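# Tertiary structure, described
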Amino acid sequence: MSQKGLNSFQIKVIALILMVFDHIHYIFSGIWDIPMWFTMLGRVSAPLFIFISANGMRYTRHPEKYMLRLWAGSVFMSFGNKLINTYFPLPGGRIVMNNIFSTLFISSLVIYCIRKIRERKREGQPFIRYLLLMSVPVVSSILIVLTILVPRLTAVSTAIMAFVPSLLFCEGSFAFVLLGVGFYFCLDSKKKLSLFYTLFCLFILFTGHRSGEGLLSVFTADIQWMMIFALPVMLLYNKQKGAGMKYFFYIFYPAHIYLFAILAFYCAGR
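Overview of the structure.

What counts, and where the lines are drawn
- Residues numbered from 1 in each chain as written.
- Predicted model: local features only at pLDDT ≥ 70, side-chain atom pairs only at ≥ 80, totals over all residues.
- Heavy atoms only, no water.
- Helix = DSSP H or I, 4+ residues; strand = E, 2+ residues; numbered from the N terminus.
- Rg over C-alpha atoms; globule rule 2.2 N^0.38 Å.
- Buried < 20%, exposed > 50% of the residue type's maximum accessible area, 1.4 Å probe, protein only.
- Contact = heavy atoms within 4.5 Å.
- Salt bridge = Lys/Arg side-chain N within 4 Å of Asp/Glu carboxyl O.
- Patch = residues over 30% accessible without salt bridge, like charges linked within 9 Å, V, L, I, M, F, W, Y side chains within 5 Å.
- Areas by Shrake-Rupley, 256 points an atom, 1.4 Å probe, with all protein chains shown as cover.
- Lys, Arg positive; Asp, Glu negative; His and termini not counted.
- Charge placed at Lys NZ, Arg CZ, Asp CG, Glu CD.
- Axes fitted to C-alpha atoms, helices over the stretch in contact; angles between N-to-C directions.
- Parallel < 35°, antiparallel > 145°, perpendicular 65-115°, else oblique.
- Left-handed = near helix turned anticlockwise from the far one by under 90°.
- Nonpolar A, V, L, I, M, F, W, Y, C, P; charged D, E, K, R; others polar.

## Topic: the overall build of the chain
Tallying secondary structure elements over the chain gives 12 helices and zero strands in all. Of the regular secondary structure in the chain, the N- to C-terminal order runs α-α-α-α-α-α-α-α-α-α-α-α. Relative to the compact-globule value of 18 Å for 270 residues, the chain shows a C-alpha radius of gyration of 19 Å, a close match. The proportion of buried residues among the 270 residues of the chain is 44%. The long-range fraction of contacts in the chain, counting pairs at least 24 apart against all pairs at least 6 apart in sequence, stands at 74%.

Here is the structure:
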């Protein structure tokens, strides 16, 4: 018998639909007049995917395999984005930078390492390797910053960025990684989840607000705070997996972005 609320699969479908609206706005805005509310709806998408990923780390029996899939998706999109931006550039000089896989991988890696460190401490065993493993996204960020400034080391920075997801250069940067880790530690209480997520969205609102443009800018430019509207969906989560289709989302995410980009290239009359 099905439980009340929304299962993991249903929440991912909601996030996917809203994501498509957002990507239509970003990719086709240079060609057609796409309404602003398309991208407003899209602000809800990434938090929902991050929320479900954090839940996945709590309930999966094979976290290593889960993280490997996310890493593989991240690497694939690093090369896919490069090819699309080279051969099918978006109008207006914009580029395809989407890669939520990298963000989900890093947040899952941090969660995994924290969990392992706790287990090792309880058992009185060394845990230094998990501290080192958790520091990899930070080290890769430092290396990218150092090498990207040197022209002859551009290939090195590109390789690091492709194969070692970094805390600074993943989608949403460290803020979305923090969001994923925070979700993981709030999953046992809807009150804690609501408080944490509300405070996080307020942080996004106040750090992103452009004071010189007035209050109206929070509805025209600084709209990331609208991710707060993902909270009611999260609170409906019933901790059930739902339908399978494990690989559907891994395939659909890059496929629709690249198809949109190619379509935009030809619609722009290139």
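## Points about the pattern of salt bridges
A full pass over the atoms with the stated rule returns three salt bridges. Between Lys 116 and Glu 119 there is a salt bridge; the shortest N-O distance is 3.9 Å. Here the residue Lys 116 and the residue Glu 119 both occupy positions in helix α5 (residues 100-123), the gap between them amounting to three residues, near one helical turn.

## So, a positive patch on the surface
The grouping of Arg 61, Lys 65, Lys 241 and Lys 246 at the surface amounts to a positive patch. Take Lys 65: it is sitting in helix α4 (residues 63-87).

## Here's the deal with the packing of α4 against α5
Contact geometry for α4 and α5: axes closest at 8 Å, N-to-C directions at 150°. The angle between α4 and α5 places the two elements in the roughly antiparallel class. In this structure, α4 crosses over α5, and the sense of that crossing is left-handed. Touching Pro 63, Glu 64, Tyr 66, Met 67, Leu 70, Trp 71, Gly 73, Ser 74 and Met 77 of α4 are Phe 101, Ser 102, Leu 104, Phe 105, Ser 108, Leu 109, Tyr 112 and Arg 115, all from α5. Looking at the contact of α4 with α5 residue by residue, the class counts come to 11 nonpolar, four polar and two charged.

## Description of the packing of helix α6 (residues 128-148) against helix α7 (residues 154-163)
The N-to-C vectors of α6 and α7 enclose an angle of 155°; their axes lie 8 Å apart at closest approach. With respect to α7, the axis of α6 lies roughly antiparallel. Regarding α6 and α7, the two cross each other, and that crossing is left-handed. On α7, the residues that touch Ser 140, Leu 143, Ile 144, Thr 147 and Ile 148 of α6 are Thr 154, Val 156, Ser 157, Ile 160 and Met 161. Classifying every residue of the contact of α6 with α7 gives six nonpolar, four polar and no charged.

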